[in-house]
Amino acid sequence: MSPNLNAGSELIDVGLPSERTALAWRRTALSVALGSLVAFRLLPELLGNPLWAGAGLMGVIGATLMWVTSERRYRAFHRGEVPMPHTPFGAWPLFILAACVALLGLGALALAINLAST
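Throughout, residues of each chain are indexed from 1 in the direction in which the sequence is written. It should be noted that, the model being predicted, local features are given only for residues of pLDDT at least 70 and side-chain atom pairs only at 80 or more, the latter also being counted only at that level, while totals for whole chains, interfaces and linings use all residues. Neither water nor hydrogens contribute to the side-chain values; these are computed over all heavy atoms in the structure.

A few words on helix 2 (residues 53–79). Secondary structure is summarised from DSSP: a helix means a run of H or I of at least four residues, a strand means a run of E of at least two, and numbering begins at the N terminus for each. A helix is expected to span 1.5 Å multiplied by its residue count minus one. Between its terminal C-alpha atoms helix 2 stretches 39 Å, which fits the 39 Å expected from 27 residues at 1.5 Å a residue. Looking one or two places after helix 2, you find glycine 80, whose phi comes out positive at around 85°.

Following the sequence through the fold, arginine 26 ends up in helix 1 (residues 15–47). A distance of 2.6 Å separates polar atoms of two side chains, one belonging to arginine 26 and the other to glutamate 71. Note on definitions: a residue-residue contact is assigned when non-hydrogen atoms from the two residues lie within 4.5 Å. If we skip the residues at most four places from it in the chain, arginine 26 touches Trp67, Ser70, Glu71 and Tyr74. In the analysis that follows, any N or O atom pair within 3.5 Å is treated as a polar contact, provided that within protein one partner can donate a hydrogen and the other can accept it, and provided that, for residues neighboring in sequence, both atoms belong to side chains.

Moving on: the nonpolar core. Within this scheme, the nonpolar core is defined by two criteria: the residues are buried Ala, Val, Leu, Ile, Met, Phe, Trp, Tyr or Cys, and they are joined through side-chain atoms within 4.5 Å. For every residue, the accessible area (1.4 Å probe, protein chains only) is compared with the maximum for its type, and the residue is labelled buried under 20%, exposed over 50%, or partly exposed between those bounds. The biggest cluster of nonpolar side chains holds six residues, and these are Ala29, Val32, Ala33, Ala63, Met66 and Leu97. Among the elements of the structure, helix 1 and helix 2 are those that each provide at least two residues to this core. Of all the elements, helix 1 adds the most residues to this core, at three residues. Discounting residues that sit within four places of it in the chain, alanine 29 has contacts with Ala63, Met66 and Trp67. Counting five residues, the second-largest nonpolar core is a separate cluster that includes Ala39, Leu43, Ala55 and Leu111.

All right, on to the pattern of salt bridges then. Put simply, a salt bridge is a Lys or Arg side-chain nitrogen that is within 4 Å of an Asp or Glu carboxyl oxygen. A full pass over the atoms with the stated rule returns three salt bridges. A salt bridge links glutamate 45 to arginine 41; its shortest N-O distance comes to 2.1 Å. Taken as a pair, glutamate 45 and arginine 41 lie in helix 1 at a separation of four residues, close to a single helical turn. Judged by relative accessible area, which is 53%, arginine 41 ranks as exposed. Between glutamate 71 and arginine 75 there is a salt bridge, and its shortest N-O distance comes to 3.5 Å. With glutamate 71 and arginine 75 both in helix 2, this residue pair falls four residues apart, about one helical turn. With a relative accessible area of 51%, arginine 75 lands in the exposed category. Three or more residues joined by partner-sharing salt bridges are found here, namely Arg26, Glu71 and Arg75.

Dropping the structure here:
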């Protein structure tokens, strides 16, 4: 007779979902950091103003915060210190990420308008 998978929690590994989530956040942080570094390098040259490097810098800062938050949350969960719904920094990393993405989007829009007008 095969064991009932719903009968007990000893057959469920609670570490795997948090591991997959941590890996997904690491990939996201790496992608945001890479895109931000490209923006940091290209936007000032293409738009002719060194202030556009700020968009890339904000993205790198946001990616760093994402990476640190995901690592802290993953380690705290596996030490048993944090229940799953809790986030160490609250909603700030998500807000910073949204602001960075919005700024990068505005930079891309300005770039497109600038290139279309020339």
